[in-house]
Amino acid sequence: MKKFLVLFAALAALWTAPAYAALQVDVTQGNAQPLPIAIPDFLGDPQVGANVAGVVRADLERSGLFRPLDPRGFAEHATNINAVPNFGSWRAITAQGLVTGQVTLQPDGRLRVDFRLWDVFGQSQILGLQFFTTPENWRRIAHMVSDAIYERITGEKGYFDTRIVFISESGPAIKRVKRLAIMDEDGANPIFLTRGDYMVLTPRFNPTAQMIAYMSYIGGKPRVYLFDIETGKQERLGDFPNMTFSPRFSPDGNQVALTLETGGNSDIYVMDLRSRAMHRLTTDPGIDTAPSFSSDGKQIVFESDRGGGQQIYLMNVDGSGQRRISFGAGANGTPVWSPRGDLIAFTRRQGVQFSIGVMRSDGSGERIITNGGRDEGPTWAPNGRVLMFGREAPGGRGSSIWSVDVTGRNERRVLTPGSASDPAWSPLIQ
Amino acid sequence: MMYFSRCLKFTCLSAALVLGACTHKQEAVNTAPPPTPPPAPSAPAPVTSSILPGSAEDFRVNVGDTVHFGYNEYSIQDADKGILGRQAAWLAKYPAVRVSVEGHADERGTREYNLALGARRANAVKEYLVSQGVSTGRVETVSYGKERPICTESNEGCWAQNRRGVTIVTGGANS
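Reading the values: rules and limits
Residues numbered from 1 in each chain as written. Chains lettered and ligands numbered in written order. Predicted model: local features only at pLDDT ≥ 70, side-chain atom pairs only at ≥ 80, totals over all residues. Heavy atoms only, no water. Helix = DSSP H or I, 4+ residues; strand = E, 2+ residues; numbered from the N terminus. Rg over C-alpha atoms; globule rule 2.2 N^0.38 Å. Buried < 20%, exposed > 50% of the residue type's maximum accessible area, 1.4 Å probe, protein only. Contact = heavy atoms within 4.5 Å. Areas by Shrake-Rupley, 256 points an atom, 1.4 Å probe, with all protein chains shown as cover. Lys, Arg positive; Asp, Glu negative; His and termini not counted. Charge placed at Lys NZ, Arg CZ, Asp CG, Glu CD. Pairing = 2+ DSSP bridges. Axes fitted to C-alpha atoms, helices over the stretch in contact; angles between N-to-C directions. Domains from an automatic or database assignment. Polar contact = N/O pair within 3.5 Å; in protein donor to acceptor, adjacent residues only side chain to side chain. Buried area = accessible area lost by both parts, 1.4 Å probe. Salt bridge = Lys/Arg side-chain N within 4 Å of Asp/Glu carboxyl O. 1 Å grid on protein atoms, 1.4 Å probe; cavity = no way out; pocket = protein on both sides within 12 Å on 5 of 7 lines; lining within 4 Å. Points joined across faces, edges and corners; volume = space filled by probe spheres on them. Nonpolar A, V, L, I, M, F, W, Y, C, P; charged D, E, K, R; others polar. Expected span 1.5 Å × (residues − 1). Disulfide = S-S within 2.5 Å.

Time to look at the overall build of chain A. Counting secondary structure elements, chain A contains three helices and 31 strands. Scaling as 2.2 N^0.38, a compact globule of 430 residues should have a C-alpha radius of gyration of about 22 Å, and chain A matches this with 23 Å. For chain A, the residues scored as buried account for 58% of the 430 residues in total. Considering only residue pairs separated by 6 or more positions, chain A has 46% of its internal contacts joining residues 24 or more positions apart. When the accessible area of chain A is evaluated, it comes to approximately 16,400 Å², of which 51% is carbon and sulfur surface. Here chain A contributes 45 positive and 43 negative side-chain charges, whose respective centroids are spaced 2 Å apart.

Shown next as structure tokens:
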């Protein structure tokens, strides 16, 4: 992914933004009042300009916080990105935000993308950025434009320039083929990373989104592996006589928390990736698994049935201070700490009903936010405002990936090539 | 899951002969309806001339490869002790054979939890075979969690079939 780094953004300072601009969206309110925004096709090459604007419109619409207006209703067709828009004509179609942009192929072969975000009622430019990249990289630039707009209006970091690693599924449930796959956050550019000749499960990104930790049944021996996305190199993590599973990187990327099964008993360990030393954190005879680091790296949340049923526990990163934090109905597992640090997402199971919930990191304020019946394995957007998860169809009829705001609103199916499960959301790509 | 085993798995697994005691203790705290007993193992089919004694097929057909478990449990049920005894006897007769025990779970559990539960079940089968004289080095275990069901409907009949330990001949058999 380093090849993507040959792009940069610069402030286009032709107009300075007045400070009174009031165009904003409160992300904590979900999609109650999505902001009407006009995003005409970008000027310049008509195909590329339409493509970039189309991705930006789709990104912002998908967030549930924006309502991109139908370009067929636009009265003004600007020909110069540097001209001040006729705000009256945009107000007339109820647009509150306006994005104008331009794509230019540079003499050196690079693609230049400029855009400006206007506050229609404030009659002012509130953001202007310029990007350079290779022409085939236009989708990433479009996502970066979306991220910039989202951040300027909501005050929160965007999450469109991210990727999803997941398990692609095919074949009947009794003989399902599971392959490691990766795609852009909007489902574009899906790539299979393994061929499907052995089962793979539970992929997780490292903090630079360059590495995936996952579980593979290569050679019939289920173990945790690392996959380097850039080189395609796979490496077994450690050499253990028994199963290792449920890997999760530490926030600094230097450690992997995982579960090692010994004599039927599953316990949580942390492996230092440089020394490969294993440090054991749990010794309980119950099942201890599914560890996830806190965003500050000081604590680990995990699941255990040591108290009789599967529940969520917290411990310090050295294994001390183990205590139960989930007390809701049913079984609770697969805890995942939000990148913001404020919430822990989890899977609630009552009988054969699975749903996604969130709770504060002390276990209080529990809320169940999905009711799809078979929702399992949440993963956080890097801004901690949106979750993805897998949803199983009953009777082994395949699975799909969905996203939902942490408010429980804006539930949507994520586009995948065929059946898919177990998504993991990348951090913001650097 | 609320009635999960109170007995330490160490105790349950390290001494197969006291499993009965552990099981009684489990039942005392069981607040859910008892799981439907899995189908009784079918009577061993007569050895036919087409099946080579000491082969993987001989083991699968004439001994039986599968045992079943209660919901969220991993203790060997009394009904399955016969089949595991036959497995141990067959392995004593063919000492070069190595096996792998697959542990499986039904769909009522999260992915990682069921991997751990499958490992418990595979290990329980291994411990029982070892208690019957099979050398520990001949028995590997592998958990598939809920990833390899043999029945895909959401009902107790399917769940009971999927909660299983399957002994697979992996080497040293006649062929």
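Below, the discussion takes up the sheet that holds strand 13 (residues 223-228) of chain A. Backbone hydrogen bonds are what pair the strands of a sheet, in a parallel or an antiparallel way. Residue and element names in this part refer to chain A. Pairing in this open sheet of four strands is antiparallel, and the strands run 11-12-13-14 from one edge to the other. On the outer flanks of this sheet lie strand 11 (200-205) and strand 14 (234-236), each paired with one strand and no other. Put simply, the sheet's adjacent strands are angled 25° from each other on average, direction ignored. The pairing of strand 13 with strand 14 spans three bridges and is antiparallel.

Moving on: the domain arrangement of chain A. According to the domain assignment, chain A contains domain 1 (2-17 + 27-154) and domain 2 (163-425). On a C-alpha basis, the centroid separation for the pair domain 1 of chain A and domain 2 of chain A is 35 Å.

Residue and element names in this part refer to chain A. Along the polypeptide, R140 turns up in helix 3 (residues 138-154). R140 gets classed as buried once you look at its relative accessible area, which sits at 9%. Side chain to side chain, R140 and D161 meet in a polar contact 2.7 Å long.

Moving on, we get to the interface of chain A and chain B. Between chain A and chain B, the contact holds 47 residues from the first and 35 residues from the second. Taking both partners together, chain A and chain B bury about 3,200 Å²; carbon and sulfur atoms supply 56% of that area. Of all residues in chain A, A:I174, A:I287 and A:R349 bury the most surface against chain B, accounting for 15% of the area lost on that side. Applying the counting rule to chain A against chain B returns seven salt bridges. With a shortest N-O distance of 2.7 Å, B:K146 and A:E376 are connected by a salt bridge. Our count for the chain A to chain B interface comes out at 16 residue pairs in polar contact (both at pLDDT 80 or more). Counting residues per element, the ones that place at least two in the side of chain A that touches chain B are strand 11, strand 15 (244-249), strand 17 (265-272), strand 19 (288-293), strand 23 (331-337), strand 24 (343-350) and strand 31 (419-425) of chain A. No other element matches strand 11 of chain A, which puts three residues into the side of chain A that touches chain B.

Residue and element names in this part refer to chain A. Across the eight residues of strand 8 (residues 163-170), seven count as buried, placing the element largely inside the fold. Bridge count between strand 8 and strand 9 (residues 177-184): eight bridges; the pairing is antiparallel. Across the sheet, the residue bridging to E169 is K178, located in strand 9. Two successive antiparallel strands, strand 8 and strand 9, enclose a turn made up of six residues, where G171 displays a positive phi of approximately 85°. Pairing of strand 8 with strand 31, which is carried by five bridges, proceeds in the antiparallel orientation. When the sheet's bridge partners are listed, I164 is paired in strand 31 with W425.

Okay, the layout of surface pockets next. Residue and element names in this part refer to chain A. Estimates place the volume of the largest pocket at around 620 Å³. Elements with a minimum of two residues in the lining of the largest pocket: strand 11, strand 15, strand 19, strand 23, strand 27 (375-380) and strand 31. Here the residues of the lining of the largest pocket sort into 14 nonpolar, ten polar and three charged.

With that out of the way, let us pick up helix 3 of chain A. Residues and elements named next belong to chain A. Taking 1.5 Å of rise per residue, 17 residues should cover 24 Å, and helix 3 covers 24 Å from first to last C-alpha, within 8% of that figure. Across the 17 residues that make up helix 3, a large majority, 14, are buried. Of the residues trailing helix 3, G155 is marked for its positive phi of about 80°.

Here the focus is helix 5 (residues 111-131) of chain B. Residue and element names in this part refer to chain B. Over its 21 residues, helix 5 extends 30 Å from the first C-alpha to the last, a length consistent with the 30 Å expected when each residue adds 1.5 Å. Of all the 21 residues making up helix 5, 18 are buried; the element is thus mostly covered by neighbouring parts of the structure. Of the residues flanking the end of helix 5, it is G133, one or two places downstream, whose phi is positive at about 105°.

Below, the discussion takes up the pattern of salt bridges. Overall, the coordinates contain 40 salt bridges over all chains when judged by the stated rule. In this structure, A:R204 and B:E112 form a salt bridge, with 3.2 Å as the shortest nitrogen-oxygen distance. Separated into two different chains, A:R204 in strand 11 and B:E112 in helix 5 make up a pair that spans both. Each of the two residues, A:R204 as well as B:E112, counts as buried. The partner of A:E366 in a salt bridge is A:R348, with the nearest N and O atoms 2.8 Å apart. On the criterion of sequence distance, the pair formed by A:E366 in the loop between strand 25 (353-360) and strand 26 (367-368) and A:R348 in strand 24 is long-range, its members being 18 residues apart. A:E366 gets classed as partly exposed once you look at its relative accessible area, which sits at 31%. Here A:R348 falls in the buried class, since its relative accessible area comes to 5%.

To find the voids left in a structure, one rolls a probe of water-molecule size over its atoms. For the structure shown, the criterion picks out four cavities of 30 Å³ or more. Here the largest cavity is characterised by a volume of approximately 550 Å³. The wall of the largest cavity is formed by 36 residues, among which A:E376, A:E392, B:R111, B:K146 and B:E147 lie closest to the centre. Partitioned by chemical class, the residues of the lining of the largest cavity number ten nonpolar, nine polar and 17 charged.

Glancing now at the state of the cysteines. Residues and elements named next belong to chain B. Taken as a whole, this structure holds one disulfide over all chains when the rule is applied. Here C151 connects covalently by a disulfide to C158, the sulfurs 1.7 Å from one another. Disulfide C151 to C158: torsion about the S-S bond roughly -45°, handedness left-handed. Neither C151 nor C158 differs from the other in exposure class; each is buried.

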